[in-house]
Structures are given as structure tokens and as C-alpha cells.
Amino acid sequence: ETGVTQTPRHLVMGMTNKKSLKCEQHLGHNAMYWYKQSAKKPLELMFVYNFKEQTENNSVPSRFSPECPNSSHLFLHLHTLQPEDSALYLCASSQDRRPTEAFFGQGTRLTVV
Amino acid sequence: GQSLEQPSEVTAVEGAIVQINCTYQTSGFYGLSWYQQHDGGAPTFLSYNALDGLEETGRFSSFLSRSDSYGYLLLQELQMKDSASYFCAASWNAGNMLTFGGGTRLMVKP
């Protein structure tokens, strides 16, 4: 248990579906992140939220839409994804001034069919 | 661009010492972190270096040389459970964007 909980752990969706990934942290952190981890590729930062405000969007396609209603919760809304979007999606949190010490959730293994 | 390079695989025997190197782009570099990820698990934070020198945490140590744009993770008294992927990660310009290297898969053999 890392203090960061992601649901669901596994998700299979069709290209026309809409689904959402959820992340919750119980560490009192005020920065939250979405990362994508594909086979044979480095972890890719997607979005950063600081105190509920989005501070980074790392050129992510609009079919991925993040939402951060409060400092403890983070969502990733998925719409009309492509098979190449299949990957492990990891949520992380950190103290605002310590982005280099991030705590990760177990991830959602997403398969787009 | 902001990138990090590390070897893709390293193999060592139980009880040995292994060093995993990481080189990075210099401009605006702020600090270097190391993470461990077991298969099917979440990356877990191991160490962070903002200044030159060695940071020791039990069997694991991390080193940074800003002048050489280089760091390494040193694992001593290797155990089978140390078999995992190890990632270096860096931030630039004190921002919130943490960029990861491609990861080094460490295999510890009996």
C-alpha cells in the first residue's frame, strides 16, 4: 500500500467507449500526476496538477481529459481511444516542492480493442 | 531536449555489488532521483541527489556529479528480491515535470 490508490486495476475498452480512471491519495500531498508507461518506452508524464490547478499538459491528445476536483482526487477521462493507447496508466502524488520524490499508485492496465 | 540515458539490462549474482549509471542533459538540470519497479508493481522512490556526492540508504547508495552530467545507483550485497527495473528521473528548472530514463532491468542470479 503506497497511499495512492487507483481504480480500476484493469480496463478493456472499445475505441468508441468512454471510461474514466480514478486516483486517490491519502498522503496530504498537493501535487498529482498522470503518467503513461508503455512497453519498451520510458515513463511519460501526461499531466500535472498543483493545488487542483493544471500546471502541465505534456502535449497529450484531447482524447485524454484530466480532472482534479480536489487535492486528493484525480481522474483521467478517456474517449475514442486508439489501440496504441493501450498501456499502464500510473497516478502519482508529491509535495508541491518535491516533485522528485513522487509516490505512485499500482496503475491501471488499459487495453483498447 | 530533456532526456536521460541508462543501460537497458544488467545481470549480477547474489551478494555482489552492481552500479547502474545514468547520464542526463545538462541545461537547467535540478536534481536526480532513482526509482525501483518490480514486475506488476508501482515505481517506488529510492533516493534523490540535488548536490554532488554520495547519498547512502542502507544497501543502496546514489551518486551525482553535476560537472560530468552523470549519476549512478549502487546496490550492495545483492539479494534475489532486488531483481527489478531501476529508473533514474530528473527535473529541470525546479519545475514539476519529472522525466524518466528508459529503465535498467536488473537480474540477480543465485
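Anything mentioned here points back to the structure above.
Computed from a predicted model, the values in this text were never measured in an experiment.

A. Representation of the sheet that holds strand E3 (residues 18-25) of chain A within the structure. Residues and elements named next belong to chain A. Ordered by their spatial adjacency, 4 strands build an open sheet running E1-E3-E8-E7, and the pairing between neighbours is antiparallel. The open sheet is flanked by strand E1 (4-7) and strand E7 (64-70), the only strands paired with a single partner. Taken over all neighbouring pairs, the strand axes of this sheet differ in orientation by 20 degrees on average, direction set aside. Alignment of E1 against E3, held across 4 bridges, turns out to be antiparallel. Residue pairing in the sheet places Gln6 in a bridge with Cys23 of E3.

B. Layout of the pairing of strand E6 (residues 53-57) of chain A. Residues and elements named next belong to chain A. Sheet topology note: the strand E5 (residues 44-50)/E6 ladder contains 4 bridges and is antiparallel. Paired with Phe47 across the two strands is Asn57, which belongs to E6. Joining the antiparallel neighbours E5 and E6 is a turn of 2 residues, in which Phe51 adopts a positive phi near 50 degrees.

C. Up close: the pairing of strand E4 (residues 29-37) of chain B. Residues and elements named next belong to chain B. Among the 9 residues that make up E4, 8 are buried, leaving the element largely enclosed by the rest of the structure. Two elements, E4 and strand E9 (residues 84-92), share 8 bridges in a ladder whose sense is antiparallel. Within the sheet, the bridge partner assigned to Gln37 lies in E9 and is Ser85. As paired strands, E4 and strand E5 (residues 44-49) are joined by 5 bridges and run antiparallel to one another. Within E5, the residue paired with Tyr35 across the bridge is Phe45. Taking the residues that link successive antiparallel strands as the turn, the E4-E5 hairpin has 6 residues, and the phi of Gly40 there is positive, at about 80 degrees.

Cut-off values and rules
Throughout this document, residue positions are counted from 1 along each chain, in the order its sequence is written. Naming scheme: in the order in which they are written, chains are lettered from A and ligands are numbered from 1. In keeping with the predicted nature of the model, local features appear solely for residues at pLDDT of at least 70, side-chain atom pairs appear and are counted solely at 80 or more, and the whole-chain, interface and lining totals rest on all residues. Calculation of side-chain values draws on the structure's entire complement of heavy atoms; hydrogens and water are dropped beforehand. By this definition, two strands are paired if DSSP reports at least two bridges between them. What counts as a helix is a DSSP run of H or I of at least four residues, what counts as a strand is a run of E of at least two, and both are numbered from the N terminus. All axes are obtained by fitting lines to C-alpha atoms, using only the stretch in contact for helices, and the reported angles, taken between N-to-C directions, cover 0 to 180 degrees. Type-normalised accessible area, obtained with a 1.4 Å probe on protein chains alone, sets the label of each residue: buried when under 20%, exposed when over 50%, and partly exposed for intermediate values.

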